Amino acid sequence: MTESGPVVLDASERVRRSHLGSEVALRLADAEVAMIALCWVDNAGITRVKAIPTGRLERAAGWGIGMSPVFDVFVVDDSITTSKHIGGPGGDLRLVPDLDRVTPLAAQPGWAWAPVDRFTQEGTGYVGCSRTFARQMVSRASKQGLIAQVSFEVEWAVGTDDNGTFVPACAGPAYGMTRVIELSDYGREVVEAIEQQGIVAEQFHPEYADGQMEISVSPRDPVGAADDSVLVRQTIRAVSQRHGFQASFAPSVVAGGVGNGGHVHLSLWRDGQNLLAGGPGRYGMTADGEAFAGGVLSALPALVAVGAPSVASYLRLVPSHWAGAYQCWGRENREAALRLVTGSSGEQDVRANLEVKCFDLSANPYLVIGSLIATGLAGISEGATLPGEITGDPVSLSEAELAERGTRRLAQSLGESVSALEASDVLREAMGDPMFEAFLAVRRAEIELFADASPADVVARTRWRW
Ligand code: GLU
Ligand code: MG
C-alpha cells in the first residue's frame, strides 16, 4: 500500500484490489493456508481480529469485512465506554487487509496474518484508524523530504500463571546463558518463526526480570515497523503456547519488579543522509535532527499517555529501572527517556538513532509512530533545540539541579499523563478530534476501572491482556 496520501476505495481501486486479493489467495492456498487473521490494534493497545477463510480474500481485499466502530472505545477489560464522536452500537466499518503484508504464520500452521486499514462504507479512510493516522504522519514527513526508520524492541516474560501468581518458565539469572539452555528449543523456535515470516531478527537475549526475554528486529519504514511489532508479539505468543507457556507483554508482570519496555528506535533521513550523524551539533546531530529530538523531548509528558497508556504503565515507569522515567536526553544513557544512540565510529551515519525508552507494549504502535512523528515535525517547524545532556541516573540529582537542567520526572500516574495529553494541541490536531477524544475516553475509563486497585491487583488483572 502506498504511503503517499489518502487512499480512497473507489470502484476501480476496489476492482484492482479484489484482483490482487485473488492472486494472493491462490499463493496462500498453494502454501496450504486455510484461514487469514485480519488484525487491528485498538485504543486499549489490544490486538483484535476477525478471520476469514482464504477463499474470501478476494472480496475482503476490495470491499473489506464489517466491523463496528465501537471497538475504538473498548477498555482493557473488554468493557465499553463512549466518547464525544465515537461509541455506541450504530455504524459499520470495513476492515481492508493490506495485501503487501499478508504473512503465513510459522507457529500457526494453516493460518496467515494481515494488518488492516479501516475504511468507511463509502470507501474513505476512517477517522479512528490508527494505522491510517500513522501513514498520514509518514506522509506529512515525506512532504518535507524526511523519512523515518523505526524499530520496536519487544520485551516479554515467559511463564505460566498459578492462581494469579506469575511463574517464570526459567530459573537462570538475568542475561544468563542458563536461561538460554533451559529454553533452548523455545528461543530458537521464536527467532526462526519470526525470520520465516520475513522479519529480520537482530538479536535475542534473556532480560533482567524473572523469565524475561527480548528480541530486537531491524529498522524499516514506520508503519511496517508497527506491523512488525504486532506480528512479532503474536508469533512469540503462539510459540509460547506450543511450549505450554504464556507470554506477558504487560508493562508490569510482577508488581515492584522490572517491567517490559517497548522502546522505540527512530532515525530521521533526508536525501539519504541520517540527520542524527555527520552534522555540526552535539555528537554529530544536524540542526533538523536535533530539532526533531527536541520536539519529541518537550512533548514527552503528553506522549507518555500514548506510549505508556495503561494504569500498569506507571508501575513500570519508575526511576532506576532502565525505563526512562525522566524527561531528559543523554548519549547512551539508559535512564534518560530519550537516549541518543550514536553507534560505533565508522558506522554512525548508518546507526545513529533516538531511542524512546519510556514507552511500553500496552501502547498501540501505530498511535506511537504517528504521535512521535507529529511532535518531532513540530520541533522542526519551531527550530527546537535540546537542553543540556544528562549523564548518569537523574534520580541522583536534587529537585533544584533537575529544574536547572530543564528536567523533571515524567508522569507517575495515568491521570497525570492524560492531563498533559489533553493540553497537547499538536497531538489533538495530528490525530483529529474523533480519534483523540476516543483515545482519551479509554484512558479515563481505565483510570476509573482501577481507581481502588492495589498495584498487585492491577498487575494480576492486566498481566495477560496485551
Ligand atoms: N525492562 C526495561 C524497561 O522496562 C528495559 C531494559 C533495557 O534497557 O533493555 O524498559
Ligand atoms: Mg531490554
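Look up: the structure comes first, before these words.
Trainee: Which residues make up the coordination of the magnesium ion (ligand 2), and what values go with them?
Mentor: At the metal site, the magnesium ion (ligand 2) is ligated by Glu155 (OE), Glu207 (OE) and Glu214 (OE), and these contacts range over 1.9 to 2.2 Å. Along the chain, the residues that donate to the magnesium ion (ligand 2) are spaced as E-x51-E-x6-E. Taken as a pair, Glu155 in strand S8 (residues 154–162) and Glu207 in the loop between strand S10 (201–206) and strand S11 (212–217) lie far apart in primary sequence, 52 residues in all. For Glu155, a relative accessible area of 6% puts it in the buried group.

Trainee: So what's going on with the nonpolar core? Residues and values would help.
Mentor: Residues Trp156, Ile236 and Leu300 are the most contacted members of the largest nonpolar core, which totals 104 residues. The biggest single contributor to this core is helix H7 (residues 287–307), with twelve residues. Residues contacting Ile236, with those up to four places away along its chain left out, are Val154, Trp156, Tyr186, Val190, Ile194, Ala247 and Phe249. One finds Ile52, Leu93, Leu95 and Ala112 within the second-largest nonpolar core, a separate group that totals 27 residues.

Trainee: Break down the site of ligand 1 for me, citing the residues and quoting the values.
Mentor: In the neighbourhood of ligand 1, 14 residues make up the surrounding shell, with Glu155, Glu207, Gly259, His263 and Arg316 lying closest. Note that an oxygen atom of ligand 1 is positioned 2.7 Å from one of the side-chain N or O atoms of His263. Starting from 300 Å² of accessible surface for ligand 1 in isolation, the protein chains cover 94%. For the shell around ligand 1, the residue count by class is three nonpolar, six polar and five charged.

Trainee: Hey, could you go over the layout of surface pockets for me, with residue numbers and the actual values?
Mentor: Put simply, the largest pocket is a space of about 840 Å³. Looking at the largest pocket, it is lined by 39 residues, and the ones nearest its centre are Glu153, Ser216, His265, Arg339 and Glu355. At the level of secondary structure, the elements contributing two or more residues to the lining of the largest pocket comprise strand S7 (147–152), S10, S11, strand S13 (264–270), strand S16 (336–341), helix H9 (348–351) and strand S17 (353–356). Classifying every residue of the lining of the largest pocket by side-chain character gives twelve nonpolar, 14 polar and 13 charged. In this structure, the second largest pocket spans a volume of roughly 410 Å³. The wall of the second largest pocket is formed by 21 residues, among which Thr47, Gln108, Gln234, Arg237 and Ala238 lie closest to the centre. Of all elements in the fold, only strand S1 (35–41), strand S2 (47–53), strand S6 (111–120), helix H6 (222–242) and strand S12 (246–248) reach the threshold of two or more residues within the lining of the second largest pocket. Among the elements that make up the lining of the second largest pocket, the one with the highest residue count is H6 (five residues). Among the residues making up the lining of the second largest pocket, the classes are represented as twelve nonpolar, six polar and three charged.

Parameters and conventions
Residues numbered from 1 in each chain as written. Chains lettered and ligands numbered in written order. Predicted model: local features only at pLDDT ≥ 70, side-chain atom pairs only at ≥ 80, totals over all residues. Heavy atoms only, no water. Donors = N, O, S within 2.8 Å, 3.2 Å for Na, K, Ca; no water. Helix = DSSP H or I, 4+ residues; strand = E, 2+ residues; numbered from the N terminus. Buried < 20%, exposed > 50% of the residue type's maximum accessible area, 1.4 Å probe, protein only. Core = buried A, V, L, I, M, F, W, Y, C linked by side-chain atoms within 4.5 Å. Contact = heavy atoms within 4.5 Å. Near = heavy atom within 4 Å. Polar contact = N/O pair within 3.5 Å; in protein donor to acceptor, adjacent residues only side chain to side chain. Areas by Shrake-Rupley, 256 points an atom, 1.4 Å probe, with all protein chains shown as cover. Nonpolar A, V, L, I, M, F, W, Y, C, P; charged D, E, K, R; others polar. 1 Å grid on protein atoms, 1.4 Å probe; cavity = no way out; pocket = protein on both sides within 12 Å on 5 of 7 lines; lining within 4 Å. Points joined across faces, edges and corners; volume = space filled by probe spheres on them.

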